[in-house]
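Spelled out, the chains give:
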Amino acid sequence: MLVTLHNHNLEVSINSKGAEINSFKNKITGRDIIWNGNPEIWKFHAPVLFPHCGKTKDGYVIIDGMQYPLKSNGFARDLEFSLVEQTENSVKFELTENEYTLARFPYRFRLSVKYVLSDNKLEFTTTVKNTGAEPFLFSAGSHSAFAIDNVENYQIEFESKTPLTGVVCCENGLLAAASNGTCPFTKPYGEKEPGIIPITAAGFGNGHLFTDIKSDWVGLRNKKDGSLIKVNTKDYPYVMIWQNAGEPNFVCIEPWFGMPDADNTDHQWLKKPGLVKLDVGKKFCTDQSISF
């Protein structure tokens, strides 16, 4: 089910499957900033990631001695959410545990995703509540894909324009270990201009992961017309940048609470880097709002 939000100059369509933005249009220019989801290239648009972010090695994790199938970026993006609130310029969706989720993540939860459209901004917040009888560990994030045309016209900008710190990953997208076995480990990203990453046809492989984020937003700049799309990253420990393989069609800016599996993982969920602990009855809220 698609829900469409309007104001005087913006129109946003959100799908109850995955509670995912499907389009985000400027009514005046007709431009849609969100990737169209062509399944021959990448079938998603802007998925919500839960109960974890990034690559999962071998497609499973071990929790309390039991093996659970859990694919990369979690299951929320594939499931139907319930519509719980709607106005002309806002909508809220919820997902709770069910037989499918409990077979992959053995905890009770309420995942709420809310969108509110204002003049030049889509407030995009995610809330996780522990509705079970025991604490659990999880991670959450977003994966918004922004459409691009001529790749040479675009660059990624971090608000602070300070040198970036990268989390070192293997070519397969899993976390790499240092020579002394430390995992994760970081190193200076080494960009030519602090906080600026050119978009090129070479892309970012399975993603470039950043930490020690000093910017309240990370944006996609169109150098030709000066326009800037900003994603809120305030208080996030990690941001992933990813681009589709082959001819560039989109770039993703992904604020994360969480990280991929380590390449040398033993699959134990309790040891997975970057997870957040959520006590019984408590809520954890994230803000990955998008603005022009």
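Criteria and cut-off values
- Residues numbered from 1 in each chain as written.
- Predicted model: local features only at pLDDT ≥ 70, side-chain atom pairs only at ≥ 80, totals over all residues.
- Heavy atoms only, no water.
- Helix = DSSP H or I, 4+ residues; strand = E, 2+ residues; numbered from the N terminus.
- Rg over C-alpha atoms; globule rule 2.2 N^0.38 Å.
- Buried < 20%, exposed > 50% of the residue type's maximum accessible area, 1.4 Å probe, protein only.
- Contact = heavy atoms within 4.5 Å.
- Areas by Shrake-Rupley, 256 points an atom, 1.4 Å probe, with all protein chains shown as cover.
- Lys, Arg positive; Asp, Glu negative; His and termini not counted.
- Charge placed at Lys NZ, Arg CZ, Asp CG, Glu CD.
- Phe/Tyr/Trp six-rings, centres within 6.5 Å; stacked < 30°, edge-to-face > 60°.
- Lys NZ or Arg CZ within 6 Å of the ring centre and 35° of its normal.
- Core = buried A, V, L, I, M, F, W, Y, C linked by side-chain atoms within 4.5 Å.
- Pairing = 2+ DSSP bridges.
- Axes fitted to C-alpha atoms, helices over the stretch in contact; angles between N-to-C directions.
- Polar contact = N/O pair within 3.5 Å; in protein donor to acceptor, adjacent residues only side chain to side chain.

**Some remarks on the overall build of the protein**
Argument step 1. When helices and strands are counted, the protein shows 1 helix and 25 strands.
Argument step 2. Taking 2.2 N^0.38 as the reference for a compact globule, 292 residues should give roughly 19 Å; the C-alpha atoms of the protein span a radius of gyration of 18 Å, in line with that estimate.
Argument step 3. Viewed in the frame of its principal axes, the protein has a C-alpha envelope of about 55 × 50 × 35 Å.
Argument step 4. Relative to its full complement of 292 residues, the protein shows a buried share of 53%.
Argument step 5. Residue pairs at least 24 apart in sequence account for 64% of intrachain contacts in the protein once pairs closer than 6 positions are excluded.
Argument step 6. In the structure as shown, the protein presents an accessible area of about 12900 Å², 47% of it carried by carbon and sulfur atoms.
Argument step 7. In the protein, 30 side chains carry a positive charge and 34 a negative one; their mean positions are 2 Å apart.

**With respect to the packing of aromatic side chains**
Argument step 1. Within the structure shown, the criterion is met by 23 aromatic pairs.
Argument step 2. Connected via pairs of aromatic rings, a cluster forms that spans F50, F75, F105, Y107, F109, F136, F138, Y236, F257, W269 and F284.
Argument step 3. Positioned above the aromatic ring of Y100 is the side chain of R104, whose terminal nitrogen or guanidinium carbon lies 3.6 Å from the ring centre.

**A short note on the nonpolar core**
Across soluble globular proteins, you tend to see nonpolar side chains buried next to one another.
Argument step 1. Y115, F138 and I156 are the most contacted members of the largest nonpolar core, which has 66 residues in total.
Argument step 2. Tallying contributions element by element places strand β9 (residues 109-117) first for this core, with 5 residues.
Argument step 3. Leave out the neighbours within four places in its chain, and F138 touches F50, P51, F105, V128, W269, L275, V276, L278 and F284.
Argument step 4. The next biggest cluster of nonpolar side chains, apart from the first, holds 10 residues, and it includes L49, L175, Y238 and W256.

**As for the environment of G166**
Argument step 1. Structurally, G166 can be placed in strand β15 (residues 165-167).
Argument step 2. Classification of G166 by relative accessible area gives buried; the value is 8%.
Argument step 3. Along the chain, G166 and I14 lie 152 residues apart, while their C-alpha atoms are 32 Å from each other.
Argument step 4. Discounting chain neighbours no more than four positions away, the residues touching G166 are F185, T186, K187, Y189, L209 and F210.

**A short note on the side chain of H267**
Argument step 1. By the secondary structure assignment, H267 is in the loop between β22 (250-257) and β23 (276-278).
Argument step 2. Each residue touching H267, except ones within four places of it in the same chain, is listed here: K57, D58, Y60, V61 and I62.

**Digging into unusual backbone geometry**
Argument step 1. In this structure, the amide linkage connecting F50 to the following residue, P51, adopts the cis form with an omega of 5°.
Argument step 2. Relative to the helices and strands, P51 is located in the loop between β4 (48-49) and β5 (60-63).
Argument step 3. Phi is positive for D212, close to 55°, though the residue is something other than glycine.
Argument step 4. As for its placement among the helices and strands, D212 is situated in the loop between β18 (208-211) and β19 (217-222).

**Let's talk about the sheet that holds strand β1 (residues 2-6)**
Argument step 1. Spatially, 3 strands are ordered β1-β2-β3 in an open sheet, and the strand pairing comes out antiparallel. Each edge of the sheet is formed by a strand with only one pairing partner; in this case those strands are β1 and β3 (20-26). Geometrically, the sheet is characterised by an average inter-axis angle of 15° between neighbouring strands, direction not taken into account.
Argument step 2. In the sheet, strand β2 (residues 10-15) pairs with β3 via 6 bridges, with the strands oriented antiparallel. Across the sheet, E11 pairs through a bridge with K25, a residue of β3.

**Considering the side chain of T101**
Argument step 1. You can see T101 is positioned in helix α1 (residues 99-102).
Argument step 2. Judged by relative accessible area, which is 0%, T101 ranks as buried.
Argument step 3. From its side chain, T101 meets the backbone nitrogen of N98 in a polar contact 2.9 Å long.
Argument step 4. Not counting the four nearest positions on each side in its chain, T101 is found in contact with F75, L79 and F109.

**With respect to the pairing of strand β20 (residues 228-232)**
Every other side chain in a regular strand lies on the same face of the sheet, so the side chains alternate between the two faces.
Argument step 1. With 4 of 5 residues buried, β20 is to be regarded as a mostly interior element.
Argument step 2. Here 5 bridges tie β19 to β20, and the two strands are oriented antiparallel to one another. In the sheet register, W217 faces β20, and the bridge partner there is N232.
Argument step 3. Between the end of β19 and the start of β20, which pair antiparallel, lie 5 residues, with G226 showing a positive phi angle near 85°.
Argument step 4. Of the pairings in the sheet, the one linking β20 to strand β25 (residues 290-291) comprises 2 bridges and is antiparallel in character. Bridge assignment links V231 to a residue of β25, and that residue is I290.

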